[in-house]
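Understanding the architecture of this molecule
As a plain string of letters, each chain reads:
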Amino acid sequence: MQAKQSIGRCAQAAIKEVSTETNIKQKEIRQAYQLHLAKRDRLRLAIDAKKAGARSLINFVRPNQRKAGHFNALNKRGAHKAPGVKAKAWGKSKIYKYTLIGSAPQSQLLVCARKGKGRTPVKGITGPSSRGAFISQRLQQIVECQASGRVRVELTRSINN
């Protein structure tokens with residue numbers, strides 16, 4: 001039980017770091033990962049990140065601005081309000097030029113960009129991926145530092161038991 005708590009401390013530090021870097025809620029990051037602890041027949045700890053892919057950029061747009069055509073509306077002079085969609089991904093607010101909010105076939109909203117000069121070929125724009133943030137070198141160093149500090153403590157507890 002104590003080993004699971006120490007792994008939880010390392011994972012919690014990593015989750016907190018990823019959350020500040022990508023602007024994704026910690027609860028959503030925890031739900032996307034599965035932790036498989038070591039057992040007698042399998043002496044490895046594994047983290048499964050199948051559900052932790054990149055999310056649509058619409059999740060990082062303010063809720064009151066998530067309307068189709070919100071950023072493409074015209075002002076009194078006939079010019080567009082904004083050159084693209086404004087979203088706060090990766091911790092910073094940014095305007096993604098030449099993008100628009102459109103509705104997908106299942107009536108969900110997506111941030112899209114046109115592929116060519118025509119109207120029809122459209123591609124979806126994705127935001128940050130917690131899986132990609134976990135792979136980063138800086139976060140790997142943080143997790144290794146936390147884990148190496150806990151190894152001595154857990155090893156002495158196991159020997160004493």
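As a starting point, this report considers the structure included with it. (Residues numbered from 1 in each chain as written. Predicted model: local features only at pLDDT ≥ 70, side-chain atom pairs only at ≥ 80, totals over all residues. Heavy atoms only, no water.)

1. Some remarks on the overall build of the protein chain
Here is the rule: Helix numbers and strand numbers start at the N terminus; a helix is a DSSP run of H or I with at least 4 residues, a strand a run of E with at least 2. Throughout, radius of gyration means the C-alpha value; the globule benchmark is 2.2 Å times the number of residues raised to the power 0.38. Only protein chains enter the accessibility calculation, which uses a 1.4 Å probe. A residue is then buried if its area is under 20% of the maximum for its type, exposed if over 50%, and partly exposed in between. Residue contacts are defined here by distance: any two heavy atoms, one from each residue, within 4.5 Å place the two residues in contact. Using a 1.4 Å probe, the Shrake-Rupley method yields the accessible areas, and only the shown protein chains count as cover for residues. The charged-residue count follows a simple rule in which Lys and Arg add positive charge and Asp and Glu add negative charge, with His and chain termini not counted at all. One atom stands in for each charge, and that atom is NZ of Lys, CZ of Arg, CG of Asp or CD of Glu.
Helix and strand counts for the protein chain stand at 4 helices and 9 strands. Mapped from its N terminus to its C terminus, the protein chain presents α and β elements in the order α-α-β-β-β-β-β-β-β-β-β-α-α. The C-alpha atoms of the protein chain give a radius of gyration of 21 Å, which is well past the 15 Å a tight globule of 161 residues would have. Taken over the C-alpha atoms alone, the protein chain extends approximately 75 × 30 × 25 Å along its principal axes. Across the 161 residues in the protein chain, those meeting the buried criterion constitute 27%. In the protein chain, once contacts between residues fewer than 6 apart in sequence are set aside, the share between residues at least 24 apart is 50%. Carbon and sulfur atoms form 52% of the exposed surface of the protein chain, whose accessible area is close to 11700 Å². The distance from the centre of the 34 positive side-chain charges to the centre of the 7 negative ones in the protein chain is 15 Å.

2. Considering the sheet that holds strand S6 (residues 99-103)
The condition is simple: Two strands are counted as paired when DSSP detects at least two bridges linking them. All axes are obtained by fitting lines to C-alpha atoms, using only the stretch in contact for helices, and the reported angles, taken between N-to-C directions, cover 0 to 180 degrees.
The 3 strands are arranged S6-S7-S8 in an open sheet whose pairing can be described as antiparallel. Of all the strands in the sheet, the pair left with one neighbour each is S6 and strand S8 (122-124). Geometrically, the sheet is characterised by an average inter-axis angle of 50° between neighbouring strands, direction not taken into account. Two elements, S6 and strand S7 (residues 109-114), share 5 bridges in a ladder whose sense is antiparallel. Residue pairing in the sheet places Ser103 in a bridge with Leu109 of S7.

3. Concerning unusual backbone geometry
Excluding glycine, a negative phi dihedral is what most residues carry, and trans is how most peptide bonds are arranged. Backbone geometry at Trp90 places phi at a positive 55°, although glycine is not the residue there. With respect to the secondary-structure elements, Trp90 resides in the loop between strand S4 (84-89) and strand S5 (92-97).

4. Topic: the side chain of Thr22
Among the structural elements, Thr22 can be located in helix H1 (residues 2-22). Owing to a relative accessible area of 1%, Thr22 belongs among the buried residues under this scheme. Ignoring any residue separated from it by four or fewer positions in sequence, one finds Thr22 in contact with Phe60, Ala89, Trp90, Gly91, Pro128, Ser129 and Ala133.

5. Quick word on the pairing of S5
Within a regular strand, the side chains alternate between the two sheet faces. Inspection of the sheet shows S4 paired to S5 by 6 bridges, in the antiparallel sense. Bridge pairing links Lys86 to Ile95 in S5. Connecting S4 to the next strand, S5, in antiparallel fashion are 2 residues, including Trp90 with a positive phi near 55°.

6. Brief notes about the environment of Phe71
Looking at the secondary structure, you find Phe71 in the loop between strand S3 (54-56) and S4. Phe71 sits in the buried class, given a relative accessible area of 8%. Through-space distance from the C-alpha of Phe71 to that of Thr99 is 8.9 Å; in sequence the pair is 28 residues apart.

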